[in-house]
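Report on the structure
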Protein chains: 4
Amino acid sequence: MLVVMQAHATEQQVEAVCEAITNLGLRPHSLPGAQRTAIGITGNAGAIEPGALEDLPGVAEVIPVSKPYKLVSREMKAENTIISFPGSPATIGGKTLAMIAGPCAIESREQAFRIAEHVANSGAQFFRGGAFKPRTSPYAFQGLGEEGLRIMAEIRDRFGLRIVTEALDTESLALVEEYADMIQIGARNMQNFSLLRAAGRSRKPILLKRGIAATLDEFLMAAEYVMSEGNYQVVLCERGIRTFTDHTRNTLDLSVVPAAQRLSHLPILVDPSHGTGKRNKVIPLARAAVAVGADGLMIEVHHQPEKALSDGMQSIYPAQLMQGFEQLRRIAVVLGRSMPEPAGVPHLREVASR
Amino acid sequence: MLVVMQAHATEQQVEAVCEAITNLGLRPHSLPGAQRTAIGITGNAGAIEPGALEDLPGVAEVIPVSKPYKLVSREMKAENTIISFPGSPATIGGKTLAMIAGPCAIESREQAFRIAEHVANSGAQFFRGGAFKPRTSPYAFQGLGEEGLRIMAEIRDRFGLRIVTEALDTESLALVEEYADMIQIGARNMQNFSLLRAAGRSRKPILLKRGIAATLDEFLMAAEYVMSEGNYQVVLCERGIRTFTDHTRNTLDLSVVPAAQRLSHLPILVDPSHGTGKRNKVIPLARAAVAVGADGLMIEVHHQPEKALSDGMQSIYPAQLMQGFEQLRRIAVVLGRSMPEPAGVPHLREVASR
Amino acid sequence: MLVVMQAHATEQQVEAVCEAITNLGLRPHSLPGAQRTAIGITGNAGAIEPGALEDLPGVAEVIPVSKPYKLVSREMKAENTIISFPGSPATIGGKTLAMIAGPCAIESREQAFRIAEHVANSGAQFFRGGAFKPRTSPYAFQGLGEEGLRIMAEIRDRFGLRIVTEALDTESLALVEEYADMIQIGARNMQNFSLLRAAGRSRKPILLKRGIAATLDEFLMAAEYVMSEGNYQVVLCERGIRTFTDHTRNTLDLSVVPAAQRLSHLPILVDPSHGTGKRNKVIPLARAAVAVGADGLMIEVHHQPEKALSDGMQSIYPAQLMQGFEQLRRIAVVLGRSMPEPAGVPHLREVASR
Amino acid sequence: MLVVMQAHATEQQVEAVCEAITNLGLRPHSLPGAQRTAIGITGNAGAIEPGALEDLPGVAEVIPVSKPYKLVSREMKAENTIISFPGSPATIGGKTLAMIAGPCAIESREQAFRIAEHVANSGAQFFRGGAFKPRTSPYAFQGLGEEGLRIMAEIRDRFGLRIVTEALDTESLALVEEYADMIQIGARNMQNFSLLRAAGRSRKPILLKRGIAATLDEFLMAAEYVMSEGNYQVVLCERGIRTFTDHTRNTLDLSVVPAAQRLSHLPILVDPSHGTGKRNKVIPLARAAVAVGADGLMIEVHHQPEKALSDGMQSIYPAQLMQGFEQLRRIAVVLGRSMPEPAGVPHLREVASR
């Protein structure tokens, strides 16, 4: 915290501010300059509330300084966090990119299996699908619930894909934890602190999506909530922020990838499907996400997007996934990274030979 | 939904789009124009997903039209909703403005009573205070929990003020419902659909705060979630949106007040404390909120804001509350509304004479 | 400028940063804290560019501190600037609110006179009208040019109203200066620095509208541009900022009024017409603007808005202006301010008796 | 334009709206639906102003439909515009990416030549440098003016690089046109319509940067202004938009690249320097820009960024440029495009052999 005094502030006013800081149990450091005096504050464990400092006589401005996060910070842990999944060669945060694909929502066993086969063939290591759907309208399709989870568990058995699905509340969290390999906390719940704490008590990795109006600090603080409860397996995911633009549903903020990687050791993925909301923008932005240095992608795919019960506009066709992955693989190499090969990959063959 | 065709689209392309619409179980209405053809879609119960329409040959654009909300809509119910509170003359949505004041968080019995006395003297009908606090940092003060609720219940008994406090999750909702007169759903939970549904099953009025990046449609849809479960007592509350500006913590969007009142019969309050985040802006924006036509205000007040455990920067002093209310009263009259008188008001005297 | 070091930064790294600062001709002030060291920088005349500091080993963050504006600052000049107009009792920035009204564009002599009569009757002291119109489309009506200016000069003579109109470039600025009493610089030109400098060499007061994405600092710096050339008669005008919302054309940021008044001695008006873009929101937001403490308003009015050549959607009817002003007058009184009375006011009678 | 009626609107109200539309000289198309009636409007040459329609009895909403741009539109011209430069193999919009690099500002002949040598060696075909600088503060370095232009002309002669530099106003435009190969219109001037028109009368290609709060439609309309005056050589450039985020100076909106390419035949470049404002983000976002499909890049480079007179924070070192280009070349190939080779490339050798 830094208090900037007005140019004409008197010595008495500077002293009064220092005294107020001391009374808060903190340490003031007066810093006289050519034009004005600034007063630094130390001694605070985390972020402090500036309280009445701003309204003291002679004060021009109060500027917060210390970052409030700890466990997520690269200062705390310099090397990248790599998350692994029991019984699978898949990792997130390592040299190989993590590719998650699947439909927005699980609509039926047949639909899910149809799409999962394409996903497995593409080389993706993870299958996504919503069983509990957060919908803007209470009258929209809300997901199949536990039935959807069961279908996804079958898909893991059949295709060797690891399962990622969203928990909407502490009730569904317990169910999701039982069936899934990674638990998604959606953008709308990024500051649902009760849910974050519950996720922190889970033993499964957490995929934390950035809120549509979350700053990077708030995003990292949400991860800190999870970690502060003891679950250190957190994967960040950029999925577009809300801006004034109207040519896409959200504005994909790719600069947050290197920014998060600089501040934190946690892996960060990009979701170009929600990030654009338009099918014809998904693969171009997926390429950009790999090129910017993301640790992986999350993509919505549907074999009949025009009949999808949700997010059909942004789901790509299986053929687009296959072709897109070809381009992504070649871009990954430029960054010294790799992407799993399509079909016939070890984990698939293994499953097939059982 | 409206499909706008490209200028050079062929008749075959127009027909193909119409057929695709029919296949979705909807009705296409072709609308040839001088430059291009547009195709209207009807027959949808609520909002529909445009699916693959946008990518059909010849399509320039797909534009959503129908509003998806029903119960919140003024088309559904023309007259204003007025919410009343058993055993109190206080209402929200009627001619008299609803004034809610109190500290950000209940910190202790003494602190709460000190402030409540000022609140009661000011003429406000409602006391606010946080028992369960949503904090960006897991290391910040999280509220007193049920102990805080008990203190507020005592305040109701002592001062006759109705109690408003936030529920963070379905667990705290049950507790809050037991103690409070109105249950607040915070901005960060505006799209916590599980919590909204639970609130919809409550018998107490719900104060629903607008999310910092919520459009008016999303805000009304969140209210629709509550109402769709049978609880029609919903009060909207504007509390600032996130924008690029940095001179206030949020940007208070006062235009949403007449906009919401035009579309919906629900009352709408304004919270200038969170809406600005700066003590010296609270009363000016409170005046503006009454002048724009809000049905009431929610204001944070603290007798020692510099020592407040949260939001001290935006809490006003009790003296500011008293003086501010004087101005607000006179502005209310200009709009044909009234505000409760300070001290000695009937419900206070009643309590005092018990 | 403040350099925040990483928690684990070495003493050598701190020293290296201090040396780099010294090499820039500035003074470093090392400020060791419990967790980390911060280094304050002084000696800079204005704002400085942080250059390579951020990338030096051990640096966590670089935070700018000093405000770069001088002449606009209240630190420079404590008392409010009041602008007066030769031959008229009208002022801007004083106790009496400045009311500017008129059509978006001057379309014809008849249209302008029709509206001007209503404006004069309302009690407004200023008539606005566009002769040079900034239009998003090159094919839209661009204004009558000098013919429009001549019509407005006649209106001044006939009704005693002072004339406000926009200059789009240095060419039109010379013309506008000749005919008008106050020269408007539009929102799109707020950072057209050539035009600002030219305005600074004018002898007429400048009405400077805030850019739709301008921070308060940038807004004040634009005024500083004008003042730095010697023209100290600058009037600020908030007219809505661009945000994610869609229920209004822009989001009127009323909090900028007290914020600007705190930092600067310049008067600030509000334009609720552009600020909302919707006729039915203009008067409610006008009331809010007076209530928040604005020094006046700028409102678009048209006797046949449905036939207006531009901005018809946001122009109010003359009857709305009259009724609205009645409410505004009563709100102004609550803030210890006044508004000119309708019709029969001194300056009108004077003109009439000539 | 589409008028959506309220659910309970009467037939008389629908007819009255249709009549109002007819009175505006347009054609109404009534479109009755299950829940409500919509009325399409055709017959308008360009965009029309909805005027008073929104306030007619029974009207729920008015929705604009037609896109107002023509010459920039891909409907008008299906094939990509490719811009060539006399005496140089460089093009913009073709298979080979256009690479523009150089300092923010020309500070001296020595500085400019030093940097230009690095730029030429990197393989970039264009040299950028500011002679007239738009600065937020009137007290900041404003550029060398014509002297800067002369230095750049020498650089063209010496290194064979084509020159890109900004014109701030119609005065500097004439000078810039004389010396430069492509004229930049900066983000702050994107809606300086007088300047756009003047640029439209120039014979040199125009590099049009997107305004920080410009929608894609407004961006394209600005290009339409230039083209409507007869200059069809327009290059679009995304350079970051203003959002709520604070980890970068602006938010680079890469989705605008495929979106613009879908709607328009004009080439579009990306400026990751202004788009991020941070040196360590420039190359990652440059990679992403090539991967998303941009037609080229504009990058700020400086041999001593810590001493740069402007934008030092975002200028990369020459070595970063060389290494970055290596990565970009390999990504370009994945998209079926190419990038000029470093040093010893034809156009350089040609110059050298003169």
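None of the values given here were measured: they were computed from a predicted structure.

Let's shift gears to the overall build of chain A. Within chain A, the regular secondary structure consists of 11 helices and 14 strands. Along the longest, intermediate and shortest principal axes, the C-alpha atoms of chain A span 80 × 45 × 40 Å. For chain A, the proportion of its 354 residues judged to be buried stands at 65%. Contacts in chain A between residues at least 24 apart in sequence constitute 68% of all its contacts with a sequence separation of at least 6. About 11700 Å² of surface is accessible on chain A, with carbon and sulfur atoms providing 51% of the total. Side-chain charges of chain A comprise 37 positive and 37 negative groups, with the mean position of each set lying 7 Å from the other.

All names here are of chain C. If you check helix 9 (residues 279-292), its first and last C-alpha atoms are 21 Å apart, about what 14 residues at 1.5 Å a residue would give, namely 20 Å. Most of helix 9 sits inside the fold, with 13 of its 14 residues counted as buried. Where helix 9 terminates, the next one or two residues include Gly-293, which has phi positive at roughly 115°.

A few words now on the packing of aromatic side chains. Residue and element names in this part refer to chain D. Enumeration over the complete set of coordinates arrives at 12 aromatic pairs over all chains. Taking 5.1 Å as the distance between ring centres and 75° as the angle between the ring planes, the aromatic pair formed by Phe-85 and Phe-126 counts as edge-to-face. Note that Phe-85 is positioned in the loop between strand 5 (83-84) and strand 6 (91-92) and Phe-126 in strand 8 (residues 126-128), a separation of 41 residues in sequence. By relative accessible area, Phe-85 is classed as buried at 4%. You can call Phe-126 buried: its relative accessible area is 0%. Their ring planes at 20° and their centres at 4.5 Å tell us that Phe-193 and Tyr-225 sit as a pair that is stacked. Of this pair, Phe-193 sits in helix 5 (residues 193-200) while Tyr-225 sits in helix 6 (residues 216-228), and the two are 32 residues apart along the sequence.

This part takes up the relation of the copies chain D and chain C. With an axial shift of 0.0 Å and an RMSD of 0.0 Å, the rotation relating chain D to chain C amounts to 180°. When the rotation and shift are considered jointly, the pair of chain copies conforms to a two-fold rotation axis. Proximity to the rotation axis, assessed at the C-alpha, singles out Ala213(D) in chain D; its C-alpha lies 3.0 Å from the axis. When you check the interface residues of chain D against chain C, 100% turn up at the interface there too, and the contact is symmetric in its surfaces.

The next thing to look at is the relation of the copies chain A and chain B. Rotating chain A by 180° and translating it 0.0 Å along the rotation axis places it on chain B, where the RMSD comes to 0.0 Å. Most of the interface of chain A is mirrored in chain B, where 100% of its interface residues are also at the interface.

Listed per partner, the contact involves 49 residues of chain A and 49 residues of chain B. With both chains or domains summed, chain A and chain B bury close to 4000 Å², and 49% of this area falls on carbon and sulfur atoms. On inspection of chain A and its partner chain B, the count reaches two salt bridges. The partner of Glu218(B) in a salt bridge is Arg242(A), with the nearest N and O atoms 2.6 Å apart. Taken together, the connections running from chain A to chain B amount to 16 residue pairs in polar contact (both at pLDDT 80 or more). At the level of elements, helix 4 (170-179), helix 5 (193-200), helix 6 (216-228) and helix 9 (279-292) of chain A are the ones that each hand at least two residues to the side of chain A that touches chain B. Considered class by class, the residues forming the side of chain A that touches chain B number 19 nonpolar, 14 polar and 16 charged.

Looking now at the packing of helix 2 (residues 109-122) of chain B against helix 3 (residues 146-159) of chain B. Residue and element names in this part refer to chain B. Two elements in contact, helix 2 and helix 3, have axes whose closest approach is 10 Å; the angle formed by their N-to-C orientations is 35°. Along this stretch, helix 2 crosses helix 3, giving a crossing that reads as right-handed. Side by side, helix 2 and helix 3 meet where Arg-109, Ala-112, Phe-113, Ala-116, Glu-117 and Ala-120 of the first sit next to Ile-151, Glu-154, Ile-155, Arg-158 and Phe-159 of the second.

As a further point, take the side chain of Ser137(C). Here Ser137(C) is to be found in the loop between strand 8 (126-128) and helix 3 (146-159). Residue classification places Ser137(C) among the buried positions, given a relative accessible area of 13%. Not counting residues up to four positions away in its chain, the partners in contact with Ser137(C) are Gln142(C), Met221(D) and Tyr225(D).

Here we come to the pairing of strand 9 (residues 162-166) of chain A. Residues and elements named next belong to chain A. The buried fraction of strand 9 is high, at five of five residues. Residues Arg-162, Val-164 and Glu-166 line one face of strand 9 and the alternating positions Ile-163 and Thr-165 line the opposite face, and both faces are buried. Inspection of the sheet shows strand 8 (residues 126-128) paired to strand 9 by three bridges, in the parallel sense. By the bridge assignment for strand 9, Phe-127 is matched with Ile-163. Viewed along the sheet, the connection from strand 8 through helix 3 (residues 146-159) into strand 9 turns out right-handed. As paired elements, strand 9 and strand 10 (residues 182-185) share three bridges and run parallel to each other. Residue Val-164 lies in a different strand from strand 10, and its bridge partner there is Met-182. As for the winding sense of the linkage, the β-α-β connection from strand 9 through helix 4 to strand 10 is right-handed.

In this assembly, 49 residues from chain D lie in contact with 49 residues from chain C. Regarding the contact of chain D and chain C, the summed buried area is about 3900 Å², with carbon and sulfur atoms giving 49% of it. At the junction of chain D with chain C, the criterion picks out two salt bridges. Applying the counting criterion to the chain D and chain C interface returns 16 residue pairs in polar contact (both at pLDDT 80 or more). Elements with a contribution of two residues or more to the side of chain D that touches chain C: helix 4 (170-179), helix 5, helix 6 and helix 9 (279-292) of chain D. A per-element tally of the side of chain D that touches chain C places helix 6 of chain D first, with five residues.

What follows deals with helix 5 of chain A. Residue and element names in this part refer to chain A. Of all eight residues in helix 5, seven are buried, a share of seventy percent or more. Along helix 5, the residues that are buried comprise Phe-193, Ser-194, Leu-195, Leu-196, Ala-198, Ala-199 and Gly-200. Along its buried surface, helix 5 packs onto helix 4, strand 10, strand 11 (206-209) and helix 6.

This part is about the nonpolar core. The biggest cluster of nonpolar side chains holds 165 residues, and the ones touching the most others in it are Leu254(A) and Leu254(D). Beyond its immediate sequence surroundings of up to four residues, Leu254(D) is in contact with Leu254(A), Leu285(A), Ala288(A), Val270(D), Leu285(D), Ala288(D), Ala289(D) and Val292(D). Formed by 164 residues, the second largest nonpolar core is a distinct cluster that contains Ile185(B), Ala223(B), Val72(C) and Ala260(C).

Residue and element names in this part refer to chain A. One can find Ser-338 in the loop between helix 10 (318-334) and helix 11 (346-353). Remark: the alpha-carbon pair of Ser-338 and Gln-314, spanning 24 residues in sequence, is separated by 26 Å. Polar side-chain contacts of Ser-338 include one of 3.3 Å to the side chain of Thr-96.

Quick notes on the rules
Residues numbered from 1 in each chain as written. Chains lettered and ligands numbered in written order. Predicted model: local features only at pLDDT ≥ 70, side-chain atom pairs only at ≥ 80, totals over all residues. Heavy atoms only, no water. Helix = DSSP H or I, 4+ residues; strand = E, 2+ residues; numbered from the N terminus. Buried < 20%, exposed > 50% of the residue type's maximum accessible area, 1.4 Å probe, protein only. Contact = heavy atoms within 4.5 Å. Areas by Shrake-Rupley, 256 points an atom, 1.4 Å probe, with all protein chains shown as cover. Lys, Arg positive; Asp, Glu negative; His and termini not counted. Charge placed at Lys NZ, Arg CZ, Asp CG, Glu CD. Expected span 1.5 Å × (residues − 1). Phe/Tyr/Trp six-rings, centres within 6.5 Å; stacked < 30°, edge-to-face > 60°. Least-squares fit on C-alpha atoms with pLDDT ≥ 70 in both. Buried area = accessible area lost by both parts, 1.4 Å probe. Salt bridge = Lys/Arg side-chain N within 4 Å of Asp/Glu carboxyl O. Polar contact = N/O pair within 3.5 Å; in protein donor to acceptor, adjacent residues only side chain to side chain. Nonpolar A, V, L, I, M, F, W, Y, C, P; charged D, E, K, R; others polar. Axes fitted to C-alpha atoms, helices over the stretch in contact; angles between N-to-C directions. Left-handed = near helix turned anticlockwise from the far one by under 90°. Pairing = 2+ DSSP bridges. Right-handed = clockwise from strand over helix to strand, strands pointing away. Core = buried A, V, L, I, M, F, W, Y, C linked by side-chain atoms within 4.5 Å.

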